[in-house]
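Summary of the model geometry
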Amino acid sequence: MTEAVEATGAPGRRRRAPGMSADERRAMIVAAALPLVAEYGAAVTTAKVARAAGIGEATIFRVFEDKDALLAACVAEALRPDALLTSLAAISLDQPLADRLTGALDAMREHLSRIGAVIGALHATGHLRGREAPKGEDTDTGPGVRTGPDARTDTNAAPVPSSREEAMAAPLAAVTALFEPERDRLRMTPEALARVFVALGQATTSSAGQEGVGARELVELFLYGAFDGVCGG
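We now turn to the structure provided with this report. Because the structure is predicted, anything quoted here is derived from the model rather than measured. (Residues numbered from 1 in each chain as written. Predicted model: local features only at pLDDT ≥ 70, side-chain atom pairs only at ≥ 80, totals over all residues. Heavy atoms only, no water.)

**So, the overall build of the chain**
If you tally the helices and strands in the chain, you get nine helices and two strands. Along the chain direction, N to C, the helices and strands of the chain fall in the order β-β-α-α-α-α-α-α-α-α-α. Here the chain holds 233 residues, and the buried ones make up 39% of them. Pairs at least 24 apart in sequence give 63% of the contacts found in the chain among residues at least 6 apart. A total of about 12500 Å² of accessible surface is found on the chain, and carbon and sulfur atoms cover 53% of it. (Helix = DSSP H or I, 4+ residues; strand = E, 2+ residues; numbered from the N terminus. Buried < 20%, exposed > 50% of the residue type's maximum accessible area, 1.4 Å probe, protein only. Contact = heavy atoms within 4.5 Å. Areas by Shrake-Rupley, 256 points an atom, 1.4 Å probe, with all protein chains shown as cover.)

**Observations regarding the pattern of salt bridges**
In the structure shown here, the tally under the stated rule is seven salt bridges. With its nearest N and O atoms 3.2 Å apart, the salt bridge here joins Arg183 to Glu191. With a relative accessible area of 38%, Glu191 lands in the partly exposed category. One salt bridge in this structure joins Glu220 and Arg216, with 3.3 Å as the shortest N-O distance. (Salt bridge = Lys/Arg side-chain N within 4 Å of Asp/Glu carboxyl O.)

**Quick notes on the environment of Lys48**
Inspection of the secondary structure puts Lys48 in helix H2 (residues 46–53). Sequence separation between Lys48 and Ala32 is 16 residues; the distance between their C-alpha atoms is 9.6 Å. What Lys48 contacts, discounting residues up to four positions off in sequence, is Leu36 and Tyr40.

**A short note on the nonpolar core**
One broad trend across soluble globular proteins is that nonpolar side chains are buried collectively. Among the nonpolar cores identified, the biggest contains 28 residues, and Ile29, Val49, Ile60, Phe64 and Leu70 are the most heavily contacted of them. At the level of secondary structure, the elements contributing two or more residues to this core comprise helix H1 (22–40), H2, helix H3 (57–63), helix H4 (67–79) and helix H6 (97–124). Each residue touching Leu70, except ones within four places of it in the same chain, is listed here: Ile29, Val30, Ala33, Val49, Ile60 and Phe64. Core analysis: the second largest hydrophobic core is formed by 25 residues, Leu172, Phe197, Val198 and Val219 among them. (Core = buried A, V, L, I, M, F, W, Y, C linked by side-chain atoms within 4.5 Å.)

**Focus: H4**
Taking 1.5 Å per residue as the helical rise, H4 with its 13 residues ought to reach 18 Å, and the 19 Å between its terminal C-alpha atoms agrees with that figure. The element H4 is extensively covered by neighbouring structure, given that 10 of its 13 residues are classed as buried. Buried residues of H4: Ala69, Leu70, Leu71, Ala73, Cys74, Val75, Ala76, Glu77, Ala78 and Leu79, and no others. The N-capping residue of H4, defined by a side-chain oxygen 3.2 Å from the backbone nitrogen of Asp68, is Asp66. (Expected span 1.5 Å × (residues − 1). Polar contact = N/O pair within 3.5 Å; in protein donor to acceptor, adjacent residues only side chain to side chain.)

**Describing the environment of Glu217**
Within the fold, Glu217 resides in helix H9 (residues 215–224). Accessibility expressed as a relative area gives 54% for Glu217, which makes it exposed. For the pair Glu217 and Ala98, spaced 119 residues apart in sequence, the C-alpha separation works out to 10.0 Å.

**Here we look at H2**
Buried within H2 are the following residues: Thr46, Val49, Ala50 and Ala53. Each buried residue of H2 sits inside an arc of 100° when the element is viewed along its axis, so together they form one side. Looking at the buried side of H2, the elements it contacts are H1, H3 and H4. (Arc of directions from axis to C-beta.)

**Topic: the packing of aromatic side chains**
Across all of its chains, the model carries three aromatic pairs by this definition. Between Phe197 and Phe222, the aromatic rings sit 5.2 Å apart at their centres with planes inclined by 65°, giving edge-to-face as the arrangement. A residue pair is termed long-range when its members are at least 10 positions apart, and Phe197 in helix H8 (residues 190–203) and Phe222 in helix H9 qualify at 25 residues. Assigned by exposure class, Phe197 and Phe222 land together as buried. Here a set of aromatic residues connected by ring pairs shows up, and it is made of Phe179, Phe197 and Phe222. It is Arg26 that lies over the ring of Phe64; its NZ or CZ is 5.8 Å from the centre. (Phe/Tyr/Trp six-rings, centres within 6.5 Å; stacked < 30°, edge-to-face > 60°. Lys NZ or Arg CZ within 6 Å of the ring centre and 35° of its normal.)

Printed below as a string of structure tokens:
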């Protein structure tokens, strides 16, 4: 651990820098573990995680009961929509609607890709097989998985949702806001269009995050239909 000179005016006296709280240490370990879990699934070792985090292996077991608790925390972190919500909120409403929705679809696909990489790797290595499925959940959409008390890695982050409806509430509200400037010109309400658009994005993104249709192409199909040469502004 790094050391810092104590601000007492006494030269040469040193003290340990303030340590991390349990929540901070847990979050740091999960951040280091996530890419390894996506690569190795349940076969990842705590020794490998410790090396990636730059800590001793015993430190992991000071904040996680066992490796399963660490894996559960990784799943919870992958499912949490904080990064998605930040990306959606950053989309400027001054852009044309097609540009706004393209940015939203890119953000959603990145979120789904992250979920698919982690959960897919765990399924492939047998970790999630035969376990009780979370209420209203599957591996394509992610949000809604319930984990144990060790799953929460950041006390300032949104909690892991307990149902699909709860999981989608905030992203749906953010996507709805992207439709609002055109409310008077829309065939359906922004709320209804947001639900259709989010469902379309989920349906065209596999659990591995591989899209068969480009984001812009899908947005234009959504906005202007299947007929060639029909495009709006």
